[in-house]
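Below, each chain spelled out in residue letters.
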2 protein chains.
Amino acid sequence: MNVQDHMWLDPAVLRPLTRTDVYALDLRGGEDRRSIRLRGEILELTGGRLASGVGDDGGVRPNVVLAAGGCGLADDDAFRMSRADGVLRIEGNTSLALLYGFYAYLRDLVLGRVVREGDGRTESPSHPMRMIDHWDQIDGTVERGYGGASIFFGIPGENDNGSYEHERPWNHADPFRNDLGRLTWYARLLASVGVNGIVLNNVNVRGGARRLIVEPYLDKVAELADLFDGFGIAVYLSVHFAAPISVGGLSSADPCDPDVRAWWMHTAKAIYERIPQFGGFLVKADSEGEPGPHEYGRTQADGANMLAEALRPYGGRVVWRAFVYDCHLDWRDRTRDRAVGAYETFQPLDGAFADNVCLQIKFGPVDFQTCEPANPLLHSLRATNIVVEFQIAAEYLGHQIDVNFAPAQWIDVMGQPVDGGSDGVPLSRSLRARALDPANVGYAGVANVGMGAHWTGGVFAQASLYGFGRMCWDAGLSAEHIADEWAALTFPGAGRNAQGKIAAILKSSNRTYRDYTAPLGVGWMFAREDHYGPSVCAFEYDRWGGVNRADRDGVGVDRTSTGSGLTEQYPSALRDLYADPARCPDELLLFFHWVPYGHVLHGGKTVVQHIYDTHFAGVERVREYVAAWDGLRGVIDGPRFENVAERLRMQLDNAVAWRDQINTFFHRMSGVPDERGREIYP
Amino acid sequence: MNVQDHMWLDPAVLRPLTRTDVYALDLRGGEDRRSIRLRGEILELTGGRLASGVGDDGGVRPNVVLAAGGCGLADDDAFRMSRADGVLRIEGNTSLALLYGFYAYLRDLVLGRVVREGDGRTESPSHPMRMIDHWDQIDGTVERGYGGASIFFGIPGENDNGSYEHERPWNHADPFRNDLGRLTWYARLLASVGVNGIVLNNVNVRGGARRLIVEPYLDKVAELADLFDGFGIAVYLSVHFAAPISVGGLSSADPCDPDVRAWWMHTAKAIYERIPQFGGFLVKADSEGEPGPHEYGRTQADGANMLAEALRPYGGRVVWRAFVYDCHLDWRDRTRDRAVGAYETFQPLDGAFADNVCLQIKFGPVDFQTCEPANPLLHSLRATNIVVEFQIAAEYLGHQIDVNFAPAQWIDVMGQPVDGGSDGVPLSRSLRARALDPANVGYAGVANVGMGAHWTGGVFAQASLYGFGRMCWDAGLSAEHIADEWAALTFPGAGRNAQGKIAAILKSSNRTYRDYTAPLGVGWMFAREDHYGPSVCAFEYDRWGGVNRADRDGVGVDRTSTGSGLTEQYPSALRDLYADPARCPDELLLFFHWVPYGHVLHGGKTVVQHIYDTHFAGVERVREYVAAWDGLRGVIDGPRFENVAERLRMQLDNAVAWRDQINTFFHRMSGVPDERGREIYP
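Everything numeric here is computed off the predicted structure, so don't read it as measured data.

**Q** A description of helix α18 (residues 638-670) of chain B should follow, citing residues and the corresponding values.
**A** All names here are of chain B. Here α18 contains 33 residues, and its C-alpha end-to-end distance of 47 Å stays within 8% of the 48 Å for a straight helix at 1.5 Å per residue. Of all the 33 residues making up α18, 25 are buried; the element is thus mostly covered by neighbouring parts of the structure. The first or second residue beyond α18 is glycine 671, which carries a positive phi of 75°.

**Q** Which residues make up the relation of the copies chain B and chain A, and what values go with them?
**A** Superposing chain B onto chain A requires a rotation of 180° together with a translation of 0.0 Å along the rotation axis, leaving an RMSD of 0.0 Å. In short, the pair behaves as if placed about a two-fold rotation axis.

**Q** Which residues make up the sheet that holds strand β4 (residues 79-84) of chain B, and what are the values?
**A** Residues and elements named next belong to chain B. Read from one edge of the open sheet, six strands run β2-β1-β3-β5-β4-β6, paired in mixed fashion. At either margin of the open sheet sits one strand with a lone partner, and together these are β2 (49-50) and β6 (120-123). Examined bridge by bridge, strand β1 (residues 22-27) and strand β3 (residues 64-68) share five bridges and lie parallel to one another. The residue bridging alanine 24 from the neighbouring strand is valine 65, located in β3.

**Q** Account for the environment of Glu642(A), with residues named and values stated.
**A** By secondary structure assignment, the location of Glu642(A) is in helix α18 (residues 638-670). Considered as a pair, Glu642(A) and Gly458(A) are 184 residues apart in the sequence and their alpha carbons are 10.0 Å apart.

**Q** Now, about the pairing of strand β11 (residues 317-321) of chain A: what can you tell me, with residues and values included?
**A** Residues and elements named next belong to chain A. Burial runs high along β11: five of the five residues are buried. Residues Arg317, Val319 and Arg321 line one face of β11 and the alternating positions Val318 and Trp320 line the opposite face, and both faces are buried. With respect to chirality, the unit in which strand β10 (residues 280-283) leads through helix α8 (residues 300-311) into the neighbouring parallel β11 is right-handed. Here β11 runs beside strand β12 (residues 357-362); their pairing, made up of four bridges, is parallel. From the neighbouring strand, arginine 321 faces β12, where its bridge partner is glutamine 360. For the segment spanning β11, helix α9 (residues 341-346) and β12, crossover handedness is right-handed.

**Q** Please set out unusual backbone geometry residue by residue, giving values where relevant.
**A** Glu215(A) connects to Pro216(A) through a cis peptide bond whose omega is 5°. For Pro216(A), the location among the structural elements is in the loop between β8 (197-199) and α5 (217-230). Even without a glycine there, the phi angle at Leu520(A) is positive, about 55°. Mapped onto the elements, Leu520(A) comes out in the loop between α14 (495-516) and β15 (554-555). Given the relative accessible area of 5%, Leu520(A) is considered buried. Even without glycine at this site, His531(B) takes up a positive phi of about 65°. By secondary structure assignment, the location of His531(B) is in the loop between α14 (495-516) and β15 (554-555).

Conventions we followed
- Residues numbered from 1 in each chain as written.
- Chains lettered and ligands numbered in written order.
- Predicted model: local features only at pLDDT ≥ 70, side-chain atom pairs only at ≥ 80, totals over all residues.
- Heavy atoms only, no water.
- Helix = DSSP H or I, 4+ residues; strand = E, 2+ residues; numbered from the N terminus.
- Expected span 1.5 Å × (residues − 1).
- Buried < 20%, exposed > 50% of the residue type's maximum accessible area, 1.4 Å probe, protein only.
- Least-squares fit on C-alpha atoms with pLDDT ≥ 70 in both.
- Pairing = 2+ DSSP bridges.
- Right-handed = clockwise from strand over helix to strand, strands pointing away.

Structural data, given as structure tokens:
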């Protein structure tokens, strides 16, 4: 089995903790795929024994009883955990709920949490949809992947992730990697944090991947779907909107064309005959060159609803991305802004989507930058199923080289009240109430794993995957709490002191990365293609609309009513906050406003001095990480120690490059010296 | 035969002009491959007849007699053309000289030049080596190629030039394209302007191309060498300095290792047994990641002389590139500069190279930018065979989309006196006197052709190829003269007025492109990978050392003694000129100096106003080209008219993009408004 790193769920850690356990299953509904998997998990992960019935087992009384059915919980994924007469009882409506409860029990054990006699708790997931989107491609590459080659596709042994834009040779007869051992581990890890849906292939559906929805590839998709189903994870596929042409041989993909509709109906039927538990389709349409309904003069709702109609008989969902914007902008035109695109396109369609369509909306209005406000659509939609999209893969966040615990940013953004006021429901808890079908809302995260030794490139990047699952499950968890959990689960033998140091790095990492990269929300100062490392003006004059508008007098993008008008898309409380440079939160100041370098922030510093200070401070904080990690030599096992140490060295180089380029750029521009006289290259 | 465009040598034009001609050959030395080719050329290109002997042919007296041997010219490539008794007599020492004379005669005919009775002229090439370097790769791609796929390599029918950095599938059994008809045309066109050497493959010798020097590929090289030999063109190969390892299986490529030397001796011997007329090796060593003698602690001379020793028994040459510089610069260190690299490495080795080594030196100290001074090595070497390298392929000069008649720049640079004073021999005529072997000097141009319909992408780019050959042959020709020739030869049916308009575009094109791209010699404001289109700061913070050092106060690179010291590498007259910002030629001001935006140029404008003015003017000049060309609709044949019209439209877009980005950048930086109030985007 090609697994060297079990991340937060290491049997070698669990077995000693569970070796006196006796488990018993009480399944009123009978066995199913998940209950059988649960039995397997008990044997695979614990050192205890599994009783054959519900009572005493060879004279030994079970101390952990998992009971499905008739417990009256409102949510079929929820579980109740309680202890009475020394027996820990995990109850739920379904065998999947027991599986979740079982993983929670294991987590409790490692974390040293105990359910005391007479105590108990119920856990019910905050979001019904807890999805992972893979941007894996049929040739084995992963778009914006930093953890190695695809775990689903590719030729065994070819583990390096190459360029996703130049198709590399692949096995057309069987493009799947067929490393079922590794996939089983992956499914287990996802299920252990509550993930219940997975999209196997990239939203940019290139080449042969368009044929994944038909035989012979569908047969292999079914094999994976069965595997993941055991862990309660539904398999989805990204589809090419023009598949009726590229796969079906029709001359159109017009969603109002009866032949096109018939083709999708037929295709969906064939899929569900083979994979009854198939999740549905993920679609990137009319976006960055991908085909879509706009080509035929149809709306996004026309396109999505056509697919929804085809999937409806089988309970399938259409997950339709809201990432529609003009990617042929002209920097000379200051009235145009990619940030306003999603709202402009989708707000008028609120209520127009079928109830098995989920609109998948990136959390911010731009594109996974280090600092963005919430996407205005997340505030404004009132009758649409929303899935909020996050990118666990650290495309703009340091490529899983630089430590960056992204859940800190995500949780912060989703904590914003939906009405923008001070006492509204937070976005994170607002989705069900605004849905057409409250079962069809949730979160989706773009996967950050691959065939590399530690799954995610740098070991610390595992924390973002873990954290994503945890925040899907429990919207009440703080990023700090999750970081503490991860450190304790991932390095259980390192001791509390070491775990505290590791968690401390995690907790400040998102802020640190932001400090040495994007000043005050300006963003986009990345290398043009790679999106790693600084290139201050790479996007400044480009069609993608990433700009800083820096000149000798000031910097920032006017997104108020005098600029692109993004502020007008927010509820009034937020509009008033963001539109006023005197009130706008510092970290979003340059996202919403062009201000002079001498503008004074709430903390009393000028903008340009803040830029210098944060960039110097960011580097110093990375130096502290390097030193802190170095202090753990011998405490952390060799491979993971070296993995992190190597990446921290790279991160320090990166932070220095950022610091020097950003500081020099703004010093050249502003002419303002650093008031503390530190070295800024001329 | 896969040729749609005969460039400046169209049989359809030549045949009517020659249909009454009777040619006779008088070959005192007997027939050889070139004389047989000459016979074939007379039949292929003219409408006349070729007499079987030297006297009357069936009662018709020859009016063009080509006589080889015994005419006493000093140069075996030279020819004398004279007319007596109504007979045009072309004489030379060799059949190749007659071939050159024959092409000159055809050119004269189309240009309407007549050698009058009793008159005559002798043409003797200015440079013994007149080389074309192909950057073609064994997979059929061409590095920095803008004319389509390789004419030498590739799969028939695959004519698009792909990414040269990602190897595409190729036929390992036979990587050659084998389009001998097209290659014959190419050889003819080159010979018609005097080219006498060609390098088949890229100086970056990647993958399978390293094996071109051995069987079985050598056999195909021999086939091409025989073809080109008929036109007096010697075939060379680029070799990988580490070929003893990568091809020979040795553990070292150390030039002082006896096994390595023996391997090269053996390899050279095998090549010459198969190809007696083989030209030699071209080598890029210790440059941009390529292996070289520095890896073994040896000098460039050690490396070159080892190869020279292996080729010496057969009369072969080593062409050794001087493009050695530090490509891992740090922008923070202002004392380092790639421009000083070649002189630092090679000046100390003056006199140390074997006499069959030619040092191939890029004409400028940097890398084919739109405005550079001459490379200081071209002034300073006193006992080295120099081959000056030009790039006909328009890597930084508009990708053969934008009209850019580069010979204007080349001839200007090579007209600089070798001593830097006002009365010295120009560089162009100084090479033989400073050589160890005066036969081993000359010019090399990086090819700009491919499998595209018109060879060079845009039809106008044919002029740079033509002009390169002409300036190799005759250092006395002005760029204007060559432009006039090319227009008349390429569009002979268009009439003098149209030809004048075309030539006028050509003559101003190099300046026009410079105007809207690189202000005052600053250069490098190109898109990072592509080198087409503007990206002002793409190289500013990069390892390649392309910088502008622009800040709010001024712009330019200090290359004087207070900066990188490049000025100190020039002879005193030039050093004093370049080092003094008050005397430095305007077009090189920012190449050598950082100056404030308000610095006043010799013409009385400030630097920043000059930047605005030239960028506005450049666009207007392109508009004039568009209009002028549009006026030729119906005069120029359809395919070539459309080819140019399409590219002029693209050029206008490009010029506007450059104008707006450069002007905005410097306006943002300087804050200085355009004194004429034209639109500069904020």
